[in-house]
Structure formats: structure tokens, C-alpha cells
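Chain by chain, the residues:
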Amino acid sequence: MKCLHLLLLAVLLPVCGQGQAADATLQKLQAKIADDPYSEYLVTTLVNEVGPRFAGSDGYEHAVIWALQKLQAAGLKNVHAEPVILPRWVRGRSEVSLEVSSVDNVPLAAAAIGGSVGTDAQGIEAEVVRVESLDQLRQLTTAQVRGRIVFIDQRIQPSRDASTYVAAYPVRKYAPAEAGRKGAAAILIRSLSTAQDDVPHTGDLDYGDAPKIPALALSNVAADRLSAVVRAGGATVTIKLDTRELGAVYSAYVVADVPGQTDEIVLLGAHLDSWDITPGAEDDGAGVAIVTGAARAILRHAKKPKRTIRVVLYADEEFGEIGARAYADAHAAELGRHVLAMEADGGSGPVWRLDSKLPDVGAPFRLALLDALKPFGIADGSHDGGGGSDIKPLMMQGVPVLGPRQDMSRYFDVHHSAADTLDHLDRAGLRQNVAVYASAAWLAANWPGSLGRLPPTMP
Ligand SMILES: [Zn+2]
């Protein structure tokens, strides 16, 4: 930050010297982080030592212990687990095969969508009805769907801002209910994947009050094969799916602090859980490494901040966002002291835009942060964005949020799939993210004025 800019911020930063100190600390943080492989180390140990960590699974319990150890080793204080009760859903085996007259049935690579009901031991064999969108499914009559297997053949294209995924995810989330209401026997969707490979991608679904039918996602290669056969005159598919819901599990999410001089809190969140079929390097090993790396860098390279910087590694972002609600409930009495929240859940691609949701009084802070982030070429983004699913309950209760938007052009190649492995990480991008989150957290924690409160919204 230059003194000239401070003239604009004269009310909040009256002394040029303070700004220079802030400037020097931010530069030091950014330089130290650029040289530090800690974030790569952290995500590597999470993937290699823990691996898949689906909420409620043994892998997740292992991740909690891993997180407590790593946060302690990073020097954070007040490292502890807080209780949460998680659901337990297991997929068992997912088998989809396509009947082809000339050969034996062709197996199609598929994964149950999270929360899907299973089939009985014989499975379901039915004719396929193909549509290209959720809207097309809505236009079909019950007679066209009843007893058949719906196939939604909608391909997504890459986008830096994830807009193509955001536009398409209702196919995964809500089409199972739509097909169930029309009497379908089961539903297959083309995975929300931007990779042309044979790896299926899972995710969540919402049956609402519709009849529950088995729901699976096909790899792009499998979807191409099925699509070709259906269009050539029709296809019959057999599905055997062994999913089950087990009882609730008493579990935890993890909290740790860089202690400040006051009881106000700047929160950095990421989710510790992953889907069951993936080691979760990008989703959300990268986020865990970004927020932990940012807090650790501040601890090592900056003076004790004015406000506490808190890291929360949430439980169960993927299968119900239960950890997000649990944290907001457990800390309801101190949410008024949470001055800002940020979440990292977009992989390791570099930040290219800063979204935010700040009251007007927070605008000088946003401008100062954009100034601090100039070396990274980060543009100002939406002023009505920035919340992710784990910090949404805080935002709804008035906590301002920042959303550094990462380049997600290649994120959906691997998202929620077995392909989300370490080789996919953008290592330079990961360090840039750590620097961005550390800069934002440090500046917010030491901002001389208030960042204000958002108007609370009802759920
Ligand atoms: Zn995620």
C-alpha cells in the first residue's frame, strides 16, 4: 500500500507509518510463502497418509486425528476437536451394464450419486429413455418415463469461474427426484466432468419428498457409449447397486487459532471430508493446505495480530453441510465477534478475482486488500458474492465474507472422482492461494476500523 492510497483511507489509517508497516508485513508474508513448500507438503500427507475421508467413515476419523496433529505441529494454538453427529452412507458396489446383442453385456463405468438408494440383488433391468437436460425430463409425460431408466446426456464444458458446473449441477441434485416422481425405475446422468475419460464423478442429490430411485453418474466415455446405442435404436441397461444407510456416527470437526490481542475473530475455513471414492487432493485437500498454510505463515512471519485468526476444518461439506451448521450453532454466542469469514474450496488453481460481501463500511478494507494483492493481478469481482457452503451459516447471521475466486478451468476434470490425485495439483497456484489468504486474513485481523455487519437473512 502506498501513502497516496492512505490519503483515501485517512479516517481509518490516519498515520502513514502504520500503512508502511502493513505494507512491509504483507510483502514479507508473500515473499516467505512463495519460497515455502509447506502447503504442498500438507496436502501430500493428507492424500498419502489419510486418503479418502468421507464423513462418517473410518477415513474421516483418521483425518480428524491427522488435522489435530498437523495444526499443532504448525504451531497453532487452541487446537481442538468439536463434536458433531454425522450420517453414514456406504455405496457398496455400483454395477451398470449395457445389453448389446452381439457380445456379452458391456460394463459402463458408473458411481452411485451420494445418498442414492440401492437395488435388490437381482438389480433393475429396463429400457433407457434419453434426454439432454433436466428441462427435457420435466417435459416428458409419466407414460414416457414410467418403468424406464432415465438417462440425462448433458455434457459440461470447462469454465474459469465454474459457471458451467453451477448451471448443470441441478441435473445431479434434482433430476433423481424429477424422474422418481414420474415413475422411473432408476436414473443415470452423464458425470459433471470436463475430462473425456472413463472416470465417473459423484456428488449429492436431493430426493425431496419424491419416491427414491437408484441414481448413478456415468463416466464421459460410458455416457458416450450409451448415448450412441440409444440413438441407434434403443438400449436396455441393468443396474445393480448396493448402497446402504447405516446409523449416525459421533464425530468431530477441528478448530485452531492464531491468537490475537482481542476476542474478535477472522475465520478461515476449508472442509476436511472428501467423497468416499476420491483421495481429495483438490477437493478439499488444497483448501485445507491453503487455510492452514496461511495461518502458519502469519504465525511465523508477522507480529501477533490484533484479532484472532481462526482455522476451521469442517466436517461433512459434501454430504449435508452438517459441520457448517454445527460450528455456527456451537459458536452462536460469539458470532457477533466474527468480523470476517473466508472459505477455500476451489482446488489449487490461482486466484484471479476477489468476490466479497461487505457492508459499505468495509469498502476501504476491500480496496486496501486489492492493493495488497496487486502483485497477483487479482481483479475486483462481485460485491454480492463470496460465501461458500461452509461459511454460509455465518454469512446468514451477518458475518461479512470474502471469496477469492480460483481458476477452476480444470477443476471439474477430477472433482468428486478417483482422479482427484496429487498429480493434478497446481503447485504454484497453491502457494499463490496461501499468499492471498494470508494477506487477506492478516489485513482483516489488523484493520483499524470495523468491517461492519451484513443484514441477517433467514434460511
Ligand atoms: Zn469441496
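Before reading on, note that the structure itself is shown above.
Note that the coordinates shown come from a computational prediction; the quantities given were computed from them, not determined experimentally. (Residues numbered from 1 in each chain as written. Predicted model: local features only at pLDDT ≥ 70, side-chain atom pairs only at ≥ 80, totals over all residues. Heavy atoms only, no water.)

K.L.:
Any chance you could explain the sheet that holds strand β7 (residues 186-190) here in plain terms?
P.N.:
Strand pairing in a sheet relies on backbone hydrogen bonds, with the paired strands running either antiparallel or parallel. Taken together, the eight strands give an open sheet; going across it, the order is β3-β2-β9-β5-β6-β7-β8-β4, and neighbouring strands pair in mixed fashion. Looking along the sheet, the strands with just one partner apiece sit at the ends: β3 (106-108) and β4 (110-112). Pairs of neighbouring strands in the sheet enclose a mean axial angle of 30 degrees, with direction left out of account. For β4 and strand β8 (residues 215-218), the ladder comprises three bridges, and the chain directions are antiparallel. Across the sheet, residue Ala 110 finds its bridge partner in β8, namely Leu 218. Against the sheet, helix α7 (residues 163-181) touches β6 (149-152), β7 and β8, its axis set at about 155 degrees to β7. (Pairing = 2+ DSSP bridges. Helix = DSSP H or I, 4+ residues; strand = E, 2+ residues; numbered from the N terminus. Axes fitted to C-alpha atoms, helices over the stretch in contact; angles between N-to-C directions. Contact = heavy atoms within 4.5 Å.)

K.L.:
Teacher, can you tell me more about empty space enclosed by the protein here?
P.N.:
Empty space left among the atoms is revealed by rolling a probe the size of a water molecule over them. Across all of its chains, the model carries two cavities of 30 Å³ or more by this definition. One number sums up the size of the largest cavity: a volume of about 60 Å³. Around the largest cavity, the lining residues are Ile 33, Asp 36, Tyr 38, Ser 39, Gly 293, Arg 296, Ala 297 and Val 434. Mapped by element, the contributors of at least two residues to the lining of the largest cavity are α3 (38-50) and α9 (281-301). No other element matches the three residues that α9 contributes to the lining of the largest cavity. Considering only residue class, the lining of the largest cavity consists of four nonpolar, two polar and two charged. (1 Å grid on protein atoms, 1.4 Å probe; cavity = no way out; pocket = protein on both sides within 12 Å on 5 of 7 lines; lining within 4 Å. Points joined across faces, edges and corners; volume = space filled by probe spheres on them. Nonpolar A, V, L, I, M, F, W, Y, C, P; charged D, E, K, R; others polar.)

K.L.:
Please clarify how the sheet that holds strand β10 (residues 244-258) should be interpreted in this entry.
P.N.:
Taken in spatial order, the eight strands make up an open sheet running β1-β10-β12-β11-β13-β16-β14-β15, and their pairing is mixed. Of all the strands in the sheet, the pair left with one neighbour each is β1 (77-90) and β15 (379-380). Across six bridges, strand β14 (residues 351-357) lies against strand β16 (residues 401-406) in antiparallel orientation. Bridge pairing in β16 places Leu 354 opposite Pro 404. Packing of helix α10 (residues 322-330) onto the sheet brings it into contact with β1, β10, β11 (265-271), β12 (308-314) and β13 (338-343), and relative to β1 it is tilted by some 135 degrees. The strands touched by helix α11 (residues 363-372) are β13, β14, β15 and β16; relative to β14, the strand with the most contacts, the crossing angle is about 170 degrees.

K.L.:
Is there a simple way to think about the side chain of Thr 238 in this case?
P.N.:
Its place among the elements puts Thr 238 in strand β9 (residues 236-241). The exposure class of Thr 238 is buried, given its relative accessible area of 14%. Those residues in contact with Thr 238, other than ones at most four positions away along the chain, are Glu 95, Val 96, Ser 97, Ile 124 and Glu 125. (Buried < 20%, exposed > 50% of the residue type's maximum accessible area, 1.4 Å probe, protein only.)

K.L.:
How should I be thinking about the layout of surface pockets in this particular structure?
P.N.:
Taken as a whole, the largest pocket spans an internal volume of roughly 1,400 Å³. Lining the largest pocket are 49 residues, with Glu 317, Glu 321, Gly 387, Gly 388 and Ser 389 sitting closest to its centre. Those elements that provide at least two residues to the lining of the largest pocket are α7, α10, α12 (392-396) and β16. For the lining of the largest pocket, the class distribution of residues is 20 nonpolar, 14 polar and 15 charged. Mapping the lining of the largest pocket onto the domain boundaries places at least three of its residues in each of domain 1 (3-86 + 248-446) and domain 2 (92-242). (Domains from an automatic or database assignment.)

K.L.:
Just to check I follow, could you spell out the pattern of salt bridges for this structure?
P.N.:
Two side chains that carry opposite charge are able to pair once their charged atoms sit near each other. Summed over all chains, the structure comprises 27 salt bridges. One salt bridge connects Glu 178 with Arg 181, and the closest N-O pair in it is separated by 3.7 Å. Here the residue Glu 178 and the residue Arg 181 both occupy positions in helix α7, the gap between them amounting to three residues, near one helical turn. Owing to a relative accessible area of 13%, Glu 178 belongs among the buried residues under this scheme. Its salt-bridge partner being Asp 384, residue Lys 357 comes within 2.9 Å of it at the nearest N-O pair. On the criterion of sequence distance, the pair formed by Lys 357 in strand β14 and Asp 384 in the loop between β15 and α12 is long-range, its members being 27 residues apart. Where salt bridges share partners, they join Arg 130, Glu 132, Asp 153, Arg 155, Arg 190 and Asp 224 into one cluster. (Salt bridge = Lys/Arg side-chain N within 4 Å of Asp/Glu carboxyl O.)

Keep in mind that these numbers describe shape and distance, not what the molecule does.
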